[in-house]
Amino acid sequence: MSNMESSTKEIKLNDLEDEPGTKETKETNTEEEGSMGFTSINEIWRNVIILTASFLFLFTAFASLQQLQPSLFVEDGMGAIVLAVVYGFFFLSTLLFSASLIAAVGCKWSLAIAITCYTGFMAAHFYATWGLFVPAAVFVGLGAAPLWVAKAHYLNLAAHDYSKLKGITEDAAASLFFGFFFFFFQSSSIWGNIIPSQVLIPVADNSSPEILSYTSNNQDSLAQCGRNFCPQYADFNNTNLLQPPKSQLYMLAGIYTSSACIAFIVVLFLQQLPSEVNRKSSCWNRLDPKELFSTLRHLKDRRQLLLIPITIYVGMEQGFFISDYLQAYITCPLGKQWVGYVAICYGVVDAISAAFFGKLAQFTGRVPIMVLGLLSHLSLAVALLYVNTSDLKTYVYFMIAGFWGMGDAIWSTNFSAFYGVLFKENSKAGFANFRMWQAVGSILSFGYQSQLCLLVKVYILIGMLIVGFTGYVTVEVLEKRKSITTSQ
């Protein structure tokens, strides 16, 4: 990974540090360097654990429900369209006011507000209609950007203070904390998907559960699954694509809403950042109109422009797994009860890989791991162009999900850390751009999910991966040249 510059630079302090009415002044430290807030290792780890636990409970509910959405509501493409609405407003939220909300109320209360929005979405599944789903999706989208930007900003500042106390590089500290966070965050897919695996058991004649196995659908229906799957021409004679009974939906909604409520309670124990606690002004007086456009101004940085395609790809590959792989390769041929089991495999590998590669990056550097991510997803995408579900053994579905999870862990962990290091002087705007362009990828993936056949979507994914990785490599080369020039 690139070494961070040791020399300090003069920058203008923004309203996150200034008292209202004071003039912008020069300091010889960056925002992160100027706020040595945490004073002990135990204090840092306690808050990192609280933040991680809150996300674990929240995404035990949301991540699992998101993965189920396209399979639960296949008809009219409602499941995928609702997710497209979520990420559409996620994009707008990132663009317009995520940084402003954090500037106004701080990271802790931004997280609390965002979790409330997510809880409403979970509760909307008690009455799954367009009229309730779409407004709930809007609120989730609006809350998602502050949630992720606040989380990343909080971890980034914690990593900075930790590096000073431990005498290690910020690069290593960021990889450690983001790896720790994503280990538990990705494990939410495990706990969350145990629930639908037990709830969505098909029932014959409203009496006895069927054995978990291939369904009795005719071969013509099953032949339209996998690489041949086209949502717009879905065969609803295939009983695997029908909506489950309302009693099962009510049970899922109750469990997931309760988990989101626990996440809200946990985040209340999070310590506010010291720089936020010390500000005595009204939260609204801290708002800087410049914050509203900080995300857009960040696009002047050519490094950010070069990273846009690969960041979009991260959103697209996650959306593809949720809306296409689970629907075409799992729900269609096997049934909804298998979605949870396959998603658990994905979550286990994703969680282990996040922790492993986050730690490994301290020894090998970032580039070899990113190349591994490229090879894993590229080879899997090519394989999906040729494999037929009628020829696959059940364990192959799990293997594909596991290797896809490994690649996702590499992108999520290393790019989060990379953005924190690369844009350390303006981390909020950097992380906002990361989430914004990732949301664009998700919007595209969920938006065209019900309109394009699977093979077309795989080709799109491969093209974006190649273009995106080229941009990423260009940034690495630029940073390498910069470090060589600086050291001379």
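Residues numbered from 1 in each chain as written. Predicted model: local features only at pLDDT ≥ 70, side-chain atom pairs only at ≥ 80, totals over all residues. Heavy atoms only, no water.

### Focus: the overall build of the protein
Right, so step 1: On a plain count of helices and strands, the protein comes out with 15 helices and 4 strands.
Right, so step 2: Scored against the burial criterion, the 488 residues of the protein give a buried share of 59%.
Right, so step 3: Long-range pairs, those at least 24 residues apart, make up 85% of the contacts in the protein between residues at least 6 apart in sequence.
Right, so step 4: Split by element, the accessible area of the protein, about 19200 Å² in all, is 64% carbon and sulfur. (Helix = DSSP H or I, 4+ residues; strand = E, 2+ residues; numbered from the N terminus. Buried < 20%, exposed > 50% of the residue type's maximum accessible area, 1.4 Å probe, protein only. Contact = heavy atoms within 4.5 Å. Areas by Shrake-Rupley, 256 points an atom, 1.4 Å probe, with all protein chains shown as cover.)

### Focus: the packing of helix 4 (residues 130-166) against helix 5 (residues 170-199)
Helix-helix packing is described using two parameters, namely the angle between the two axes and the distance between the axes.
Right, so step 1: Following both chains from N to C, one finds helix 4 and helix 5 inclined at 135°, their axes separated by 8 Å at the closest point. Regarding the angle of helix 4 to helix 5, the classification is oblique. Pair helix 4 / helix 5 crosses with right-handed handedness. Contacts from W148, K151, A152, L155, A158, A159, H160, Y162 and S163 in helix 4 reach E170, A173, A174, L176, F177, F178, F181, F182 and F185 in helix 5.
Right, so step 2: Residue composition of the contact of helix 4 with helix 5, by class: 14 nonpolar, 2 polar and 2 charged. (Axes fitted to C-alpha atoms, helices over the stretch in contact; angles between N-to-C directions. Parallel < 35°, antiparallel > 145°, perpendicular 65-115°, else oblique. Left-handed = near helix turned anticlockwise from the far one by under 90°. Nonpolar A, V, L, I, M, F, W, Y, C, P; charged D, E, K, R; others polar.)

### Let's talk about the environment of I49
Right, so step 1: Turning to its location among the elements, I49 is positioned in helix 1 (residues 41-72).
Right, so step 2: When its relative accessible area of 44% is taken as the criterion, I49 is described as partly exposed.

### Digging into the packing of aromatic side chains
Right, so step 1: Counted under the stated rule, the structure contains 41 aromatic pairs.
Right, so step 2: Considering the side-chain rings of W148 and F181, the 6.5 Å spacing of their centres and the 85° angle between planes classify their relative orientation as edge-to-face. Taken together, the residues W148 in helix 4 and F181 in helix 5 connect sequence positions 33 residues apart. Exposure class is identical for W148 and F181. Each is buried.
Right, so step 3: Note on W338 and F398: the rings are 6.2 Å apart at their centroids and 70° apart in plane angle, and the pair reads as edge-to-face. With a gap of 60 residues between them, W338 in helix 11 (residues 337-364) and F398 in helix 13 (residues 394-422) connect regions that are remote in the sequence.
Right, so step 4: You can call F398 partly exposed: its relative accessible area is 21%.
Right, so step 5: Among the aromatic residues, those joined into a ring-pair cluster are F55, F59, F62, Y118, F121, F133, W148, F181, F182 and F185. (Phe/Tyr/Trp six-rings, centres within 6.5 Å; stacked < 30°, edge-to-face > 60°.)

### Some points on the nonpolar core
Right, so step 1: Membership of the largest hydrophobic core comes to 137 residues, with the highest contact counts inside it found for Y325 and F415.
Right, so step 2: The element that contributes the greatest number of residues to this core is helix 4, accounting for 18 residues.
Right, so step 3: If sequence neighbours within four positions are ignored, Y325 has contacts with F320, I330, V342, L384, Y397, I400 and A401. (Core = buried A, V, L, I, M, F, W, Y, C linked by side-chain atoms within 4.5 Å.)

### So, the confidence of the model for the protein
Detailed reading of the predicted coordinates is not advisable wherever pLDDT is low.
Right, so step 1: On average, residues of the protein score 79 in pLDDT, and 80% of them are at 70 or above.
Right, so step 2: Within the protein, strand 1 (residues 11-12) has the poorest average pLDDT of any element, 30, and helix 12 (residues 366-384) the best, 92.
Right, so step 3: Within the model, the stretch residues 205-216 combines pLDDT values under 50 with 22 contacts to residues more than four positions away or in other chains.
Right, so step 4: Below a pLDDT of 50 lies the segment residues 280-287, which in the model reaches 15 contacts outside its immediate sequence neighbourhood of four places, other chains included. (pLDDT = per-residue confidence, 0-100.)

### Observations concerning the side chain of T119
Right, so step 1: Of note, T119 is situated in helix 3 (residues 98-123).
Right, so step 2: Judged by its relative accessible area of 15%, T119 falls in the buried class.
Right, so step 3: If we skip the residues at most four places from it in the chain, T119 touches T257, A260 and C261.

### Regarding helix 1
Right, so step 1: The terminal C-alpha atoms of helix 1, which comprises 32 residues, lie 45 Å apart, in line with the 46 Å expected from a rise of 1.5 Å per residue.
Right, so step 2: Remark: the principal bend of helix 1, roughly 40°, maps to F59.
Right, so step 3: Helix 1 sits mainly inside the fold: 25 of its 32 residues count as buried. (Expected span 1.5 Å × (residues − 1). Bend = angle between axes of the 7 residues up to and from the residue.)

### Considerations on a nonpolar patch on the surface
Right, so step 1: On the surface, W109, I265, L268 and F269 cluster together into a nonpolar patch covering about 420 Å² of accessible area.
Right, so step 2: Checked against the element boundaries, I265 lands in helix 7 (residues 246-267). (Patch = residues over 30% accessible without salt bridge, like charges linked within 9 Å, V, L, I, M, F, W, Y side chains within 5 Å. Salt bridge = Lys/Arg side-chain N within 4 Å of Asp/Glu carboxyl O.)

### Digging into the environment of L378
Right, so step 1: Inspection of the secondary structure assignment puts L378 in helix 12.
Right, so step 2: What makes L378 partly exposed here is its relative accessible area of 25%.
Right, so step 3: Residues L378 and G407, spaced 29 residues apart in sequence, show a C-alpha to C-alpha distance of 9.6 Å.
Right, so step 4: Once residues lying within four places of it in the same chain are set aside, the contact partners of L378 are I462 and L465.

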